[in-house]
Amino acid sequence: MSTEKPEGERLQKVLSRVGFGSRRVCEALILEGKVKVNGQEAQLGCRVEIETDLVTVDGAPIGVRPDVVYYLLNKPAGVVTTADDPQGRPTVVEIVPSDPRVFPVGRLDSDTEGLLILTNNGELTHRLTHPSFGVEKEYVAVVEGNPSRSSLRLLREGVDLEDGKTSPAKVALIEEGTIRLTIHEGRNRQVRRMCSTVGHQVKRLIRTRIGPLSDRSLSPGEWRELTMTEIRSLERAVADSD
Ligand code: URA
């Protein structure tokens, strides 16, 4: 097995990330002898290459857990990103299957459209939303007026918001009045506030990419399950480096 692979990832981290519970729970699974790597009982702390090693828990290969689901939704405007809205507005969780129960990964404003992941994998959710993992989110913003080069530079270098200066962003004018912004923070109404601060209120906002995930063929209100390749690429995007 792959205990000698220095470039691999620690087994308990991999298990946690793919949805087997906290790091401690996963360590217990290993200590109880429930985890095998390439057919041999795994040792705590061994490193695995998720692409090439066959990891099983209770005999079932990880990554084919029927109880952990991942949906990619193209959220329409007017739908709220919560599990339950006290005001009775339509919610994103009502669009996807209700069993097993899933939760949105991060938030899009009610009037924002575009890609949103819903899953019951809490560890992946944490990693995708926590700024320390730096997963990029790309937005297309239709704004009032036509931003000048200096406005674009300000957006790119960082804008002073009431909760602090924004981190450097990738910013491009894709047509008159339409900007593509790529950020890796997830502050409340961040893109709208950034654009307003440089004098261009957002008229329409669409999220077009989450880390490695994009899908131009999904219409507003449509959803699909992530493919195994997409799940793996998301896992890689939030993997620890140690
Ligand atoms: N930034 C915003 O301003 N709104 C969103 O919904 C997402 C990012």
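Everything numeric in this text was worked out from a predicted model, so none of it was measured. (Residues numbered from 1 in each chain as written. Predicted model: local features only at pLDDT ≥ 70, side-chain atom pairs only at ≥ 80, totals over all residues. Heavy atoms only, no water.)

### Looking at the packing of helix α1 (residues 11-20) against helix α2 (residues 23-31)
Any two packed helices are characterised by how steeply their axes cross, that is the angle between the axes, and by the distance between the axes. Taken N-terminus to C-terminus, the directions of α1 and α2 make an angle of 115°; their axes are 8 Å apart at the nearest point. Between α1 and α2 lies a crossing whose hand is right-handed. From α1, Leu11, Gln12, Lys13, Leu15, Ser16 and Phe20 reach across to α2, where they touch Arg23, Val25, Cys26, Glu27, Leu29 and Ile30. (Axes fitted to C-alpha atoms, helices over the stretch in contact; angles between N-to-C directions. Helix = DSSP H or I, 4+ residues; strand = E, 2+ residues; numbered from the N terminus. Left-handed = near helix turned anticlockwise from the far one by under 90°. Contact = heavy atoms within 4.5 Å.)

### Describing the pairing of strand β10 (residues 137-143)
Here β10 lies mainly inside the structure; six of its seven residues are buried. Both β10 and strand β14 (residues 178-183) contribute to a ladder of six bridges, which runs antiparallel. Within β14, the residue paired with Val142 across the bridge is Thr178. Two strands pair when backbone bridges link them, and β10 and strand β15 (residues 202-210) are joined in this way by seven bridges, in the antiparallel orientation. Bridge pairing in β15 links Lys137 to Ile210. (Buried < 20%, exposed > 50% of the residue type's maximum accessible area, 1.4 Å probe, protein only. Pairing = 2+ DSSP bridges.)

### Concerning the pattern of salt bridges
Per the counting criterion, the structure on display carries 18 salt bridges. Of the charged contacts in the structure, one is a salt bridge between Asp109 and Arg192, with a shortest N-O distance of 2.8 Å. With a gap of 83 residues between them, Asp109 in the loop between β8 (103-104) and β9 (113-119) and Arg192 in helix α5 (residues 190-197) connect regions that are remote in the sequence. A relative accessible area of 7% places Asp109 in the buried class. According to the relative accessible area criterion, Arg192 is buried, its value standing at 9%. The closest approach of N and O atoms between Glu138 and Arg180, which form a salt bridge, is 4.0 Å. Here Glu138 is found in strand β10, whereas its partner Arg180 is found in strand β14, with 42 residues between them in sequence. Owing to a relative accessible area of 30%, Arg180 belongs among the partly exposed residues under this scheme. Residues joined in a network through salt bridges with shared partners are Arg107, Asp109, Asp111, Arg189 and Arg192. (Salt bridge = Lys/Arg side-chain N within 4 Å of Asp/Glu carboxyl O.)

### Examining the sheet that holds strand β5 (residues 55-57)
Sheet architecture is open: four strands sit in the order β3-β2-β5-β6, paired in antiparallel fashion. Looking at the sheet topology across the chains shown, the edges are occupied by β3 (40-41) and β6 (60-61). Pairing between strand β2 (residues 35-37) and β3: two bridges, direction antiparallel. Across the sheet, Val37 pairs through a bridge with Gln40, a residue of β3. Contacts from α1 reach β2 and β5 within the one sheet, and its direction differs from that of β5 by about 65°.

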